[in-house]
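Working through the structure, step by step
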Amino acid sequence: MAERGTVVIIGGHGKIALLAAPKLAEAGFSVRSLIRKAEQAEDVRSAQAEPVVLDVEEAGTAALAEAFAGAEAVVFSAGAGGGNPERTRAVDQDAAIRSMDAAEQAGVSRYVMVSYARSETDIHTLDTDSSFYPYAAAKHHADNHLRSTKLNYAILGPGKLTEEPASGTVRVVEADDAEVASTSRENVAEVIRHVLQSDAAERTRVNFFDGSTPIAEAIR
Ligand SMILES: NC(=O)c1ccc[n+]([C@@H]2O[C@H](COP(=O)([O-])OP(=O)(O)OC[C@H]3O[C@@H](n4cnc5c(N)ncnc54)[C@H](OP(=O)(O)O)[C@@H]3O)[C@@H](O)[C@H]2O)c1
């Protein structure tokens, strides 16, 4: 496989990230994964990525730009995991936004955001008292900020994530599709590889569930 540039994965010890890293390495990319805890480094190396310990909740824009030096793409696959509204805002929104600004500063061209299928619509329909609202708002604001940058972004909107193996086939849906079906995390990892490898989904968002259309055909 021809040598390609460096991809930095934020949230490098996450489930999607650990599935995406070896696929990106196989596609010829060098992968640098940002993790919170040094003890996660071995898992990241096993996934064919170079671990860098950096808590993105604490890191400012300059530190993030330094971590992105020389990279051609950044993938944001971190998340506070819900439950704590302050952490959700700090990671899923504020750290994400700093990482976008840092990517621009570092001259990164491509930015892939792992968002979720209803991040454009939930904010308008959910009760603000809903326990899901802080996550919906954080992802919505982060996605909006990404659209305002000059980065060549792809906002990925999977449905409910599962541990199913990748089928390699998906169903692309509209942002306001009321139904939320499931998406295999490994299919998300395959989509990350596809959009970085083939420059698909440029400056656009793609919502997708598991389906029957080959990824390369469904996402152009
Ligand atoms: N759950 C769903 O059904 C669903 C649906 C659609 C989209 N999504 C989105 O998909 C994303 C990725 O999913 P996933 O299953 O791969 O999530 P995951 O396994 O929970 O991975 C998230 C990663 O973010 C890392 N992280 C959290 N705070 C951090 C910080 N301050 N600095 C650096 N890293 C930090 C976590 O690190 P630690 O390992 O140290 O905790 C974890 O490894 C989620 O975050 C969510 O926004 C989820």
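These remarks concern the structure in this document. (Residues numbered from 1 in each chain as written. Predicted model: local features only at pLDDT ≥ 70, side-chain atom pairs only at ≥ 80, totals over all residues.)

So, helix α4 (residues 85-105)
Condition: The way it works is that DSSP assigns letters per residue, a run of H or I at least four long becomes a helix, a run of E at least two long becomes a strand, and they are numbered from the N terminus. Expected span, for any helix, means 1.5 Å times one less than how many residues it has. Take the seven residues that end at a residue and the seven that start at it, fit an axis to each, and the angle between those axes is the bend at that residue. With C-beta atoms placed from the backbone, a residue is buried if 20 or more other C-beta atoms are within 10 Å of its own, exposed if 12 or fewer are, and partly exposed between those counts. For every residue pair, C-beta atoms are placed from the backbone, and the pair is scored as a contact if these atoms sit within 7 Å.
Here α4 is 21 residues long and its end C-alpha atoms lie 29 Å apart, about the 30 Å a rise of 1.5 Å per residue gives. Helix geometry: α4 is bent most strongly at A95, by close to 30°. Taken together, the buried positions of α4 are occupied by T88, V91, D92, Q93, A95, A96, R98, S99, M100, A102 and A103. Against β1 (6-10), α3 (61-67), β4 (73-76), β5 (110-114) and α6 (133-148) lie the buried residues of α4.

Overview of the site of the ligand
Quick reminder of the rule: Only the C-beta atom matters for nearness: placed from the backbone, it must lie within 6 Å of the molecule or strand for the residue to count as near. Note on residue categories: nonpolar means Ala, Val, Leu, Ile, Met, Phe, Trp, Tyr, Cys or Pro, charged means Asp, Glu, Lys or Arg, and polar means any other residue, Gly included.
Taken together, 24 residues surround the ligand, and among them G11, G14, E57, G79 and Y116 come closest. Considering every element that reaches the shell around the ligand, the biggest residue donor is helix α1 (residues 15-26), with 3 residues. Among the residues forming the shell around the ligand, the class breakdown is 11 nonpolar, 6 polar and 7 charged.

Some words on the packing of α4 against α6
Selection criterion: Convention adopted: a line fitted to C-alpha atoms gives each axis, helices being fitted over their contacting stretch, and angles between N-to-C directions are expressed from 0 to 180 degrees. Geometric relationships in this document are graded by angle, where less than 35 degrees denotes roughly parallel, more than 145 denotes roughly antiparallel, 65 to 115 denotes roughly perpendicular, and other angles denote oblique.
With their axes 9 Å apart at the nearest point, α4 and α6 run at an angle of 5° to one another. Considering their axes alone, α4 and α6 lie roughly parallel with respect to each other. Seen from α4, the contacting residues are P85, T88, R89, D92, Q93, A96, I97 and M100; seen from α6, they are P134, Y135, A138, K139, H141, A142, H145 and L146.

Side note on the sheet that holds β1
Threshold: Two strands are said to pair when DSSP picks up at least two bridges between them.
With mixed pairing, the 9 strands of this open sheet are ordered in space as β3-β2-β1-β4-β5-β6-β10-β8-β11. In this open sheet, the two strands that pair with only one neighbour each are β3 (50-53) and β11 (213-214). In this sheet, strand β6 (residues 152-158) lies alongside β5 in parallel orientation, the contact comprising 5 bridges. Directly across from V114, in β6, lies its bridge partner L156. Here α1 sits on the sheet and contacts β1, β2 (30-35), β4 and β5; the angle it forms with β2, its principal contact strand, is near 160°. Across the sheet, helix α7 (residues 185-198) is in contact with β1, β4, β5, β6, β8 (169-173) and β10 (204-210); its angle to β5 comes to roughly 165°.

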